[in-house]
Amino acid sequence: MSDISSAGNTISEAIRLAPYESYKKYLIGVQTLHNPNVLRGVHTSPGEEVDPAAVALNGASAIWSGLKETMFNVMRCRAESKHTSLLSNALRYDVYAEDLKDFVDEYYEHEQGWVKNLNPDLLIVRPAPFLDPNLYRQICEVRAERLTAERLMGGLVIHNMLRQDFEYKNKEPVIGLLVPKMHQT
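Structural notes on the packing of aromatic side chains
Here's step 1: What the rule picks out here adds up to ten aromatic pairs.
Here's step 2: Between Tyr-23 and Phe-130, the ring centres sit 6.1 Å apart and the planes meet at 70°, which makes this aromatic pair edge-to-face. With Tyr-23 in helix α1 (residues 2-34) and Phe-130 in the loop between α7 (121-125) and α8 (133-140), the pair connects residues that are 107 residues apart, well separated along the chain. Comparing Tyr-23 with Phe-130 shows no difference in burial state: the two are buried.
Here's step 3: An aromatic cluster of at least three residues, connected via ring pairs, comprises Tyr-20, Tyr-23, Tyr-26, Phe-103, Tyr-107, Tyr-108 and Phe-130.

Following this line, the structure appears as C-alpha cells:
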C-alpha cells in the first residue's frame, strides 16, 4: 500500500515541478538570445566557433517550447484542465490568468539565486509574456509567425550578433519562421 501512495506522490510531485523545468528552459532561451556569450557552453562545443544561426534557432526553440510547456503544465495542475488542449483553453484565459501570475511570482521568489546567476536583469524584467492575454491566445493558437522575438523575451532584446539570423518583417525580428510549428497539445 505504501508503494502505491509513494508512486502517487512521485507523480503529483513531478506534475507540480513540471512548470519550473519548462520555465527554466524558457529563461535559458531568453538568455541565449539576449547574451549568447554567457551561455556559450550550452550551444557551442569547446573549441568551436559560435554559429549565430544555430544559436538563434536553439534559443528561439527553447523560448517557444518553454512558454507552451509552462502554460500547459500550470493548467494541468487544475483538475478541470487535465484533458483539454492549449487551443481549447485559449478562450478561457481568465480562468488561468491568476494561476499563471501566481506561478511566476512563486518562481521568481523560490528561484531567485538561479535567475540572478543566469542574468540579474531577469529579476527586474521578470519575463513572463504569457501573462498578456493576447499573447497567451497567440501561443495557444500556434501563431508563431506573428510573434516577435522581443515580445516573447518579455522586455530583453536580441544580441546584435544574432539579429541577422531572424527574418525581418515590418522592421521587427520574427521568431516564427525559425521555430517549427508545434502540434496542439
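Now that the structure has been shown, the text picks up again.
Observations regarding the nonpolar core
Here's step 1: Membership of the largest hydrophobic core comes to 42 residues, with the highest contact counts inside it found for Tyr-23 and Leu-27.
Here's step 2: Among the elements of the structure, α1, α3 (52-76), α5 (93-110), α6 (112-118), α8 and α9 (149-152) are those that each provide at least two residues to this core.
Here's step 3: At nine residues, the largest contribution of residues to this core is made by α3.

Some words on the packing of α5 against α8
Here's step 1: Two elements in contact, α5 and α8, have axes separated by 11 Å at closest approach and are oriented at 105°. It follows that α5 is roughly perpendicular to α8 by the angle criterion. Taking contact as the criterion, the partners of Tyr-93, Tyr-96 and Leu-100 in α5 are, on α8, Pro-133, Tyr-136 and Arg-137.
Here's step 2: Looking at the contact of α5 with α8 residue by residue, the classes come out as five nonpolar, no polar and one charged.

A closer look at unusual backbone geometry
Here's step 1: Although it is not a glycine, Arg-126 sits at a positive phi angle of roughly 50°.
Here's step 2: Along the chain, Arg-126 falls in the loop between α7 and α8.

Details of a negative patch on the surface
Here's step 1: Together, Glu-98, Asp-102, Glu-106 and Glu-109 make up a region of like negative charge exposed at the surface.
Here's step 2: With respect to the secondary-structure elements, Asp-102 resides in helix α5.

What counts, and at which threshold
- Residues numbered from 1 in each chain as written.
- Predicted model: local features only at pLDDT ≥ 70, side-chain atom pairs only at ≥ 80, totals over all residues.
- Heavy atoms only, no water.
- Phe/Tyr/Trp six-rings, centres within 6.5 Å; stacked < 30°, edge-to-face > 60°.
- Helix = DSSP H or I, 4+ residues; strand = E, 2+ residues; numbered from the N terminus.
- Buried < 20%, exposed > 50% of the residue type's maximum accessible area, 1.4 Å probe, protein only.
- Core = buried A, V, L, I, M, F, W, Y, C linked by side-chain atoms within 4.5 Å.
- Axes fitted to C-alpha atoms, helices over the stretch in contact; angles between N-to-C directions.
- Parallel < 35°, antiparallel > 145°, perpendicular 65-115°, else oblique.
- Contact = heavy atoms within 4.5 Å.
- Nonpolar A, V, L, I, M, F, W, Y, C, P; charged D, E, K, R; others polar.
- Patch = residues over 30% accessible without salt bridge, like charges linked within 9 Å, V, L, I, M, F, W, Y side chains within 5 Å.
- Areas by Shrake-Rupley, 256 points an atom, 1.4 Å probe, with all protein chains shown as cover.
- Salt bridge = Lys/Arg side-chain N within 4 Å of Asp/Glu carboxyl O.
- Lys, Arg positive; Asp, Glu negative; His and termini not counted.
- Charge placed at Lys NZ, Arg CZ, Asp CG, Glu CD.

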